[in-house]
Each structure stands twice: as C-alpha cells, then as structure tokens.
Amino acid sequence: MSSIRIIPLGSGSTGNSFYIEIGPYHLLIDMGIGYRKVRDALQSHGRDLSEIDAIFLTHGHHDHIKAASAICNHTACPVYADQSVMYSIRAVSSERKILDMGASEVLKGLTVIKFPVPHDFVQTSGYVFLCGKEKVGYVTDCGRMNDTILSFLKGSDVVINL
C-alpha cells in the first residue's frame, strides 16, 4: 500500500505550491501562495505547517517564492534550492541549503534527485523524491517535455506536471 499523498495548494500565475507526503516525510514544493492559504489548505486535510520536514524550490520566479518568508516563520525545516534562488530568498529565517543537480540524501531515507527544466529563469529545477520503493516526480513551468526530463520521471508512482 502506497504512503504517497499529494495536496495541491495552488497552481498558476498567481502562485504555486504543492504538499507531498512520501513515506514518513512531509514536503512543501514552492511557496508562491500566501501563508494563510497554505495553512488553511493543509488544515482542511488534517495537516499542519509544523509537520513539514523540508521545503524545495524549483526556481526564483515570484509565483514560486513570494510567501517564503511568511511560511518559513512558521516552520523549523530547511529550504533546499539552487544558488540562484537563494539570493531571492535571502530574508528567509529557515536554514537554506544549496542543492546541486543530481541525487542527494537530504533526510535519512529520502533521496532527492534534482534535474534541469527548460524555462526562462537562470536555473529551473524539477525533482524526483525517492523513499523506499516509492517515487514521486515534480516538474513545473516546463513548456515541453524532453527526453532528459522523461528519463528522470520514468518509473514514478506519481508525476506532478504543471
């Protein structure tokens, strides 16, 4: 039985954010919608911001990071992103960790694979989250899939493609 749960918190030009549960981990991807909207959406599903283990940012456009400071004021978890995004969120109170392309075990038992996505920001990233035998892929602002992206997403139990 899968322990994957996806809660879309917001998607579109006004703001993007997704909540992903995989194994025992609670992840927030992008912080482009307001703190109250994120808090209320999670609470409506019996979840709380304080449960978030890690936050991952795909790129530094406003619709992906505008609520970073407000959300991070209510969590104690680290924020993972590319160096180009870190400058945009320099006022964030949470620990900021640069995540390079490739695979990294960011939390014990959770491997994250960060891969490039073509977009009009300096560095836009997609992610694959692996926990045990479960695999979730996340791609945003990708006008067109290419073979590289598809190779990273292959075998995913769930793919989120916005």
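Whatever comes next refers back to the structure up there.
Residues numbered from 1 in each chain as written. Predicted model: local features only at pLDDT ≥ 70, side-chain atom pairs only at ≥ 80, totals over all residues. Heavy atoms only, no water.

**A few points about the overall build of the protein chain**
Note the following rule: Every helix listed is a DSSP run of H or I at least four residues long, and every strand listed is a run of E at least two residues long, numbered separately from the N terminus. Put simply, the radius of gyration uses C-alpha atoms, and a globule should come to 2.2 Å times the residue count raised to 0.38. Two residues qualify as a contact provided that any one of their heavy atoms is within 4.5 Å of a heavy atom in the partner residue. Shrake-Rupley sampling with a 1.4 Å probe provides the accessible areas, and residues are treated as covered by the protein chains on show and by no other component.
Of the regular secondary structure elements, the protein chain holds five helices and 11 strands. For the protein chain, the C-alpha radius of gyration of 14 Å lies close to 15 Å, the compact-globule estimate for 162 residues. Principal axes of the C-alpha set define a box for the protein chain whose edges measure 40 × 35 × 25 Å. Pairs at least 24 apart in sequence give 47% of the contacts found in the protein chain among residues at least 6 apart. For the protein chain, the accessible surface area stands at approximately 7600 Å², while carbon and sulfur atoms represent 50% of it.

**Points about the sheet that holds strand S6 (residues 96-98)**
Let me state the cut-off plainly: Should DSSP find at least two bridges between two strands, the strands are regarded as paired. Convention adopted: a line fitted to C-alpha atoms gives each axis, helices being fitted over their contacting stretch, and angles between N-to-C directions are expressed from 0 to 180 degrees.
Spatially, six strands are ordered S1-S2-S3-S4-S5-S6 in an open sheet, and the strand pairing comes out mixed. Looking along the sheet, the strands with just one partner apiece sit at the ends: strand S1 (5-10) and S6. Along the sheet, successive strands turn relative to each other by an average axial angle of 25°, direction set aside. Strand direction decides the pairing type here: strand S3 (residues 25-29) and strand S4 (residues 54-56), joined by three bridges, are parallel. Across the sheet, the residue bridging to Ile29 is Phe56, located in S4.

**Observations regarding the pattern of salt bridges**
For the record, the criterion: Any carboxyl oxygen of Asp or Glu that lies within 4 Å of a side-chain nitrogen of Lys or Arg is treated as forming a salt bridge with it. With a 1.4 Å probe rolled over the protein chains alone, any residue whose accessible area is under 20% of its type maximum counts as buried; one over 50% counts as exposed, and the rest are partly exposed.
With the rule as written, the count across this model stands at four salt bridges. Among the salt bridges present, the one from Asp82 reaches Lys114, with a minimum N-O distance of 3.3 Å. Highlighted residues: Asp82 in the loop between strand S5 (79-81) and helix H4 (83-86) and Lys114 in strand S8 (residues 110-116), separated in sequence by 32 residues. With a relative accessible area of 16%, Asp82 lands in the buried category. The class for Lys114 is buried, based on a relative accessible area of 1%.

**Some words on the packing of aromatic side chains**
Defined as follows: Between rings of Phe, Tyr and Trp, where Trp is taken as its six-membered ring, a pair exists when centres lie within 6.5 Å; planes separated by under 30 degrees are stacked, by over 60 edge-to-face, and by other angles tilted.
Under the defined criterion, the tally for this structure stands at six aromatic pairs. Taking the centre distance of 5.8 Å and the plane angle of 65° together, the rings of Phe18 and Tyr138 count as edge-to-face. One end of the pair, Phe18, is in strand S2 (residues 17-22); the other, Tyr138, is in strand S10 (residues 134-139), and 120 residues separate them in sequence. Judged by its relative accessible area of 0%, Tyr138 falls in the buried class. Summarising the aromatic geometry, the rings of Tyr127 and Phe129 are spaced 5.8 Å apart at their centres and angled 25° between planes, so their arrangement reads as stacked. This pair shows no difference in class: Tyr127 is buried, exactly as Phe129 is. Three or more aromatic residues joined by ring pairs form one cluster here, namely Phe56, Tyr80, Tyr127 and Phe129.

**Some thoughts on the side chain of Ser17**
Here Ser17 shows up in strand S2. Setting aside anything within four residues of it in sequence, one finds Ser17 in contact with Pro8, Leu9, Gly10, Leu28, Ile29, Asp30, Met31, Gly32, Ile33 and Val38.

**Focus: the sheet that holds S10**
Ordered in space as S7-S8-S9-S10-S11, the five strands form an open sheet in which the pairing is mixed. Strand pairing shows two members of the sheet lacking a second neighbour, strand S7 (102-107) and strand S11 (158-161), which therefore form its edges. Strand-to-strand, the axes of this sheet are offset by a mean angle of 20°, without reference to chain direction. Relative to strand S9 (residues 125-131), S8 runs antiparallel, the two sharing six bridges. Note that in S9 the partner of Lys114 across the bridge is Tyr127.

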